[in-house]
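So you can see what is in the structure, the chains are spelled out below.
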Amino acid sequence: MRTYLRNALGAGFIVATAAAAQSAFDDGAHDSSIHVTHLEATARFSVEELAALGTVEIEAVTPWTDGVVRFRGPTLETLARRMGVASGTIVIEAVNDYRIEEPLAPLLEDGAVLAVEMNGFALPMNSYGPVWLTFPSAADRRLARSEGMYRWIWQIDRIEFLPDAPPNDAER
């Protein structure tokens, strides 16, 4: 009986803790700004501050949404320029610790957008938000291929721009 009671109480605690965490996200208790760094420069951007950088609208097809959807947000290139970045590597992290590390140039060439809206509505935390790295895959089906889907990172909370690595002695 003690084992049953201990297991039942433990399960109840887990359910209550999970419900409280979800409630915090739903109530906006999670900080919805993103932390951006480049060398010594550090900035925090709220969703509104990201949108104030200037937005574009793209259409995309994804495995996570139905049909063609419209995304709106600043381009990744706009944010990079704001931070004084022209090249290098980018590290993007989500609230669940998912992260990608990629050369910046291909993301810029593919028209990456830091979406803050989908189909005219803000992206809530419990539905890919507040910021989702998206691509214009409706116009360029190459961007909708499964091998590139890992780049579509949502619930972004951190972006780090890394400089190009200096050439080593063997390359000189």
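This text follows the structure it describes.
This text gives an overview of the structure that appears in the document. (Residues numbered from 1 in each chain as written. Predicted model: local features only at pLDDT ≥ 70, side-chain atom pairs only at ≥ 80, totals over all residues. Heavy atoms only, no water.)

### A closer look at the overall build of the chain
Cut-off, in case you're wondering: Counting from the N terminus, the helices are DSSP H or I runs at least four residues long and the strands are E runs at least two residues long. The cut-offs for exposure are 20% and 50% of the maximum accessible area for each residue type, with area from a 1.4 Å probe on protein chains only; residues under the lower value are buried, those over the upper are exposed, and the others partly exposed. What makes two residues a contact is simply this: any of their non-hydrogen atoms within 4.5 Å. Accessible surface area values rest on a Shrake-Rupley calculation with a 1.4 Å probe, where residue burial reflects the displayed protein chains alone.
The secondary structure content of the chain amounts to four helices and 11 strands. By residue count, 36% of the 172 residues in the chain fall in the buried class. Considering only contacts in the chain between residues 6 or more positions apart, those separated by 24 or more positions represent 62%. For the chain, the computed accessible surface area is about 9900 Å², with 53% contributed by carbon and sulfur atoms.

### A look at the sheet that holds strand E6 (residues 99–103)
Counted only if it meets this: Between any two strands, pairing holds if DSSP finds at least two bridges. A fitted line through C-alpha atoms represents every axis, and for helices the fit uses only the stretch in contact; the resulting angles, taken between N-to-C directions, go from 0 to 180 degrees.
Taken together, five strands build an open sheet; the order of strands is E2-E1-E11-E5-E6 and the sheet is mixed. One side of each edge strand has no neighbouring strand; the edge strands of this open sheet are strand E2 (41–45) and E6. On average, adjacent strands in this sheet sit at an angle of 15° to one another, irrespective of strand direction. One ladder, built from five bridges, connects strand E5 (residues 89–94) with E6; its direction is antiparallel. In the sheet register, Thr89 faces E6, and the bridge partner there is Pro103.

### Notes on the nonpolar core
The condition that has to hold: Only buried Ala, Val, Leu, Ile, Met, Phe, Trp, Tyr and Cys residues count toward a nonpolar core, and they belong to the same one when joined by side-chain atoms within 4.5 Å.
Counting residues in each nonpolar core, the largest one holds 40 residues, and the members touching the most others are Phe71, Leu76, Leu79, Leu133, Ile156, Ile159 and Phe161. With residues up to four places along the chain from it excluded, the contact list for Leu79 reads Val36, Phe45, Leu50, Leu53, Leu114, Ile159 and Phe161.

### Describing the side chain of Ser137
The criterion, for reference: Under the rule applied, a polar contact is a pair of N or O atoms within 3.5 Å (in protein, one hydrogen donor and one hydrogen acceptor; residues adjacent in sequence only if both atoms are side-chain atoms).
As for its placement among the helices and strands, Ser137 is situated in the loop between strand E10 (132–134) and strand E11 (156–162). With relative accessibility at 0%, the residue Ser137 sits in the buried group. In this structure the side chain of Ser137 is engaged in a polar contact, spanning 2.8 Å, whose partner is the backbone nitrogen of Val61. When residues no more than four places from it in sequence are discounted, the contact partners of Ser137 are Glu59, Ala60, Val61, Leu143, Ala144 and Trp152.

### Observations concerning the packing of aromatic side chains
Given two aromatic rings, one states the distance between the centres and the angle between the planes to describe the pair. To keep it simple, the criterion reads: When two rings of Phe, Tyr or Trp (its six-membered ring) have centres within 6.5 Å they constitute a pair, described as stacked for plane angles under 30 degrees, edge-to-face for angles over 60, and tilted for the intermediate range.
Inspection of the entire model under this criterion finds nine aromatic pairs. With centroids separated by 6.2 Å and ring planes inclined at 65°, the aromatic side chains of Trp64 and Trp132 adopt a geometry described as edge-to-face. Of this pair, Trp64 sits in the loop between strand E3 (56–61) and strand E4 (68–73) while Trp132 sits in strand E10, and the two are 68 residues apart along the sequence. Taken together, a centroid distance of 6.4 Å and an interplanar angle of 70° make the contact between Trp132 and Trp152 edge-to-face. Placement of Trp132 in strand E10 and of Trp152 in the loop between E10 and E11 is noted, with a sequence separation of 20 residues between them. Looking at Trp132, the relative accessible area reads 0%, which means it is buried. Since its relative accessible area comes to 3%, Trp152 is described here as buried.

### A short note on unusual backbone geometry
Generally, phi is negative for residues other than glycine and the peptide bonds are trans, each holding for most cases. Look at the link from Gly129 to Pro130: it is a cis peptide, with omega at 5°. With respect to the helices and strands, the residue Pro130 is situated in the loop between strand E9 (121–122) and E10. The residue Leu39 is not glycine, and still its phi comes out positive at about 55°. Its location among the elements puts Leu39 in the loop between strand E1 (34–38) and E2. Backbone geometry at Gln155 places phi at a positive 55°, although glycine is not the residue there. Following the sequence through the fold, Gln155 ends up in the loop between E10 and E11. Here Gln155 falls in the buried class, since its relative accessible area comes to 15%.

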